[in-house]
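Notes for the structure review
As a plain string of letters, each chain reads:
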Amino acid sequence: MQKTLTTNATHTELKAMAIATIDEQTNRIVELSREIQRNPEVGFREHGTAQRLVEQLEHMGLDYRTGLARTGVKARMRGRSDRFTVAILGELDSVITPDHPLADPDTGAAHACGHHIEIAAMIGAALGLQAVMEHLDGDVVLFGVPAEELIDVDWRLSLRDAGELEFVCGKPELIRLGEFDDIDLGMITHPGTSGQESLFEMDHSWLGAILKKVRFHGLTAHAGENPHEGINALKALTLAMTAIDSQQETYRDEDSIRVSQLVVNSGDMVSTIPGTTDLEVMIRGRSVEAMQDASAKIDRSMHAGAIAVGARVEIDTVVGCFPFAQDEPLVEVVDANARTLFGDSEIDSHAGAHGASTDSGDLQMLMPMVLPIVRSGCDGLIHSKDYQIDDHVLTAVNNAKLLASSVIDLLCDGAANAASVIDRSGPKLTRDEYLTIRRSMETKKTFG
Ligand SMILES: [Zn+2]
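Residues numbered from 1 in each chain as written. Predicted model: local features only at pLDDT ≥ 70, side-chain atom pairs only at ≥ 80, totals over all residues. Heavy atoms only, no water.

Looking at an unreviewed UniProt entry, the protein carries the name Amidohydrolase, with the source organism given as Rhodococcus koreensis.

Below is the structure:
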């Protein structure tokens, strides 16, 4: 392998240099992935994970900023000119899966969504790119981002109500803070679920998600002695749930509306008419418009339950994330690199629709985004106690090579490919436009 590059090195030579560097750093990448896997932390509390990322950035001699949206870490590698900036993102957080064998015994946190490989892949790609940055016509931002998972919501809402956050997921909060204003394109990877034949999955879509925290207020009374004096908040809740189910036939198949419900509090004891009950409702959908439509129907259903029994209902609506559909021109760049690196038979180019959600959807409203999923090297169902990354080379190291090669294609030769992707991906929202839409969907309503 050549160790120096001429000033007019081709993109093929730049990729070969980056990949050789990544191969040399395999142990560092694998160990980072394992170390984060062994020390899971949930969103907006990933202080140890952020510190591990900082140690890698210091090892690379990069300047960085920390504490962005509480725990985010951001560094910039400079090219020979700064025409465009590509961000490689890595999510810092884990999920909560207390019965996972690697779960933190105190918090129940576990990397049952495999985000540890994202951080390792980001650093691996950065190590490879650092060897060729002086030949690229753009910058690369490395961004460890907090709180992709929509969990721990009550605590996050307490932070919101205390003015420490506005949004309950990491990327929307970082957008609000202006931390993506200096970025033109975004790339992030994710591990997948086992049992699929090809190594990488491209061009899939994800659903957006809205969460409603609902509280019904009735009036307590003795359930045997004087129930006629009470207002049964549990009856209001069950009527509301029936009304939610009655909306099902109004949703179009192509909008993929899914409504999940959880009774969090059904009252205190059976001998008392329940005075207060709590319900959580999650709405998922494939477009913002469909989510807004479903959100209004759920509010009506809550209202119906409340007025039927003379109760009052409070609805706190929080947007988790917007739907994610990847930008085809950017997918084409990554797909072509995956085929070159791993072979045509290992790439599923049109993987289709996922039922899960990610806040990369919010970023995709502002800039071209791509999210290749690596399927091999993972075992078990994602978010389950059995989910494990059992091969950190197939997952983290292969992803590092894919990210580095794709960035080189975007930023070499005057960053012509980056310009083409931005041009072909079509119009995007400004930060203010995005914030206006998101804020219009985050409401507090009271009926009754
Ligand atoms: Zn995930």
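Having seen the model, we can carry on.
1. Here's the deal with the sheet that holds strand E6 (residues 138-145)
Threshold: Two strands qualify as a pair provided that DSSP identifies no fewer than 2 bridges between them. Here a strand is any run of E in DSSP of at least two residues, a helix any run of H or I of at least four, and the numbering for each starts at the N terminus.
Pairing in this open sheet of six strands is mixed, and the strands run E1-E2-E6-E3-E7-E18 from one edge to the other. The two strands at the open ends of the sheet, each matched to only one other strand, are strand E1 (64-68) and strand E18 (369-370). Sheet analysis places strand E7 (residues 185-187) next to E18, joined by two bridges and oriented parallel. Paired with Met187 across the two strands is Val370, which belongs to E18.

2. Re the domain arrangement of the protein
For clarity, the cut-off: Segmentation of the chain into domains, including their bounds, is taken from an automatic or database domain assignment. Contacts are residue-level and defined by heavy atoms, with any inter-residue pair within 4.5 Å sufficient. In this description, buried area is defined as the sum, over both parts, of the accessible area (probe of 1.4 Å) that is lost when the two are combined. Salt bridge, as used here: a side-chain nitrogen of Lys or Arg that lies within 4 Å of a carboxyl oxygen of Asp or Glu. Polar contacts here mean pairs of N or O atoms no more than 3.5 Å apart (in protein, one a potential hydrogen donor and the other a potential acceptor; neighbouring residues in sequence count only if both atoms are side-chain atoms). Following the grouping adopted for this structure description, the nonpolar residues are Ala, Val, Leu, Ile, Met, Phe, Trp, Tyr, Cys and Pro, the charged ones are Asp, Glu, Lys and Arg, and the polar ones are all others, Gly among them.
The domain boundaries assigned to the protein delineate domain 1 (11-206 + 323-433) and domain 2 (208-321). Taking only C-alpha atoms into account, the centre of domain 1 sits 36 Å from that of domain 2. Taken together, the contact between domain 1 and domain 2 spans 20 residues of the former and 17 residues of the latter. Across the domain 1/domain 2 interface, buried area totals approximately 1300 Å², and carbon plus sulfur atoms make up 60% of it. On the domain 1 side of the interface with domain 2, the three residues burying the most area are Leu150, Pro323 and Ser357, jointly 38% of the side's total. Counting the contacts that link domain 1 with domain 2 gives two salt bridges. Close ionic contact of Asp154 with Lys213 constitutes a salt bridge, the shortest N to O distance being 2.4 Å. Along the contact surface separating domain 1 from domain 2 lie four residue pairs in polar contact (both at pLDDT 80 or more). Listed by contribution, the elements that provide at least two residues to the side of domain 1 that touches domain 2 are helix H5 (153-161) and strand E10 (204-206). The leading source of residues in the side of domain 1 that touches domain 2 is H5, at four residues. Among the residues forming the side of domain 1 that touches domain 2, the class breakdown is 11 nonpolar, five polar and four charged.

3. Details of the side chain of Thr21
Heads up, the condition is: Whether a residue is buried, partly exposed or exposed follows from its accessible area with a 1.4 Å probe, protein chains only, as a fraction of its type maximum: under 20%, in between, or over 50%, in that order.
Along the chain, Thr21 falls in helix H1 (residues 11-24). Of the residues examined, Thr21 reaches a relative accessible area of 14% and is grouped as buried. There is a polar contact of 2.8 Å between the side chain of Thr21 and the backbone oxygen of Met17. Apart from the residues lying within four places of it in its own chain, the contact partners of Thr21 are Leu127, Gly128 and Ala131.

4. Describing the packing of helix H2 (residues 26-38) against helix H11 (residues 392-411)
Spelled out, the test is: Between N-to-C directions, angles cover 0 to 180 degrees, with each direction set by a line fitted to C-alpha atoms, over the stretch in contact for helices. An angle counts as roughly parallel when it lies under 35 degrees, as roughly antiparallel when it exceeds 145, as roughly perpendicular when it falls between 65 and 115, and as oblique in every other case. For any helix crossing, the convention is left-handed if the near helix is rotated counterclockwise from the far helix by under a right angle, and right-handed if that rotation is clockwise.
Orientation of H2 relative to H11, taken along the N-to-C sense of each, is 115°, at an axis distance of 10 Å. Comparing their axes, H11 and H2 come out roughly perpendicular. For the pair H2 and H11, the crossing hand works out as right-handed. In contact with Thr26, Ile29, Val30, Ser33, Arg34 and Gln37 of H2, H11 contributes His392, Val393, Ala396 and Val397. Among the residues making up the contact of H2 with H11, the classes are represented as five nonpolar, four polar and one charged.

5. Comments concerning the packing of helix H9 (residues 328-342) against H11
At their nearest, the axes of H9 and H11 sit 9 Å apart, and the two run at 125° to each other. One finds that H9 runs oblique with respect to H11. Here H9 runs over H11; the crossing is right-handed. Contact residues: Leu330, Val333, Val334, Asn337, Ala338, Leu341 and Phe342 in H9; Asn398, Lys401, Leu402, Ser405, Ser406, Asp409 and Leu410 in H11.

6. A look at helix H7 (residues 233-245)
For clarity, the cut-off: Take the residue count of a helix, subtract one, and multiply by 1.5 Å to get its expected span. Along the arc lie the directions from the helix axis toward the C-beta atoms.
The end-to-end C-alpha distance of H7 is 19 Å, a good match for the 18 Å that 13 residues give at a rise of 1.5 Å each. The complete set of buried residues in H7 reads Ala233, Ala236, Leu237, Ala240, Ala243 and Ile244. Here the buried residues of H7 occupy an arc of 120° about the axis, which is enough to place them on one side. If you follow the buried residues of H7, they end up packed against strand E11 (208-217), strand E12 (258-265), strand E13 (276-285) and helix H8 (288-309). The backbone nitrogen of Leu234 has a side-chain oxygen 2.9 Å away, supplied by the residue at the start of H7, namely Asn232.

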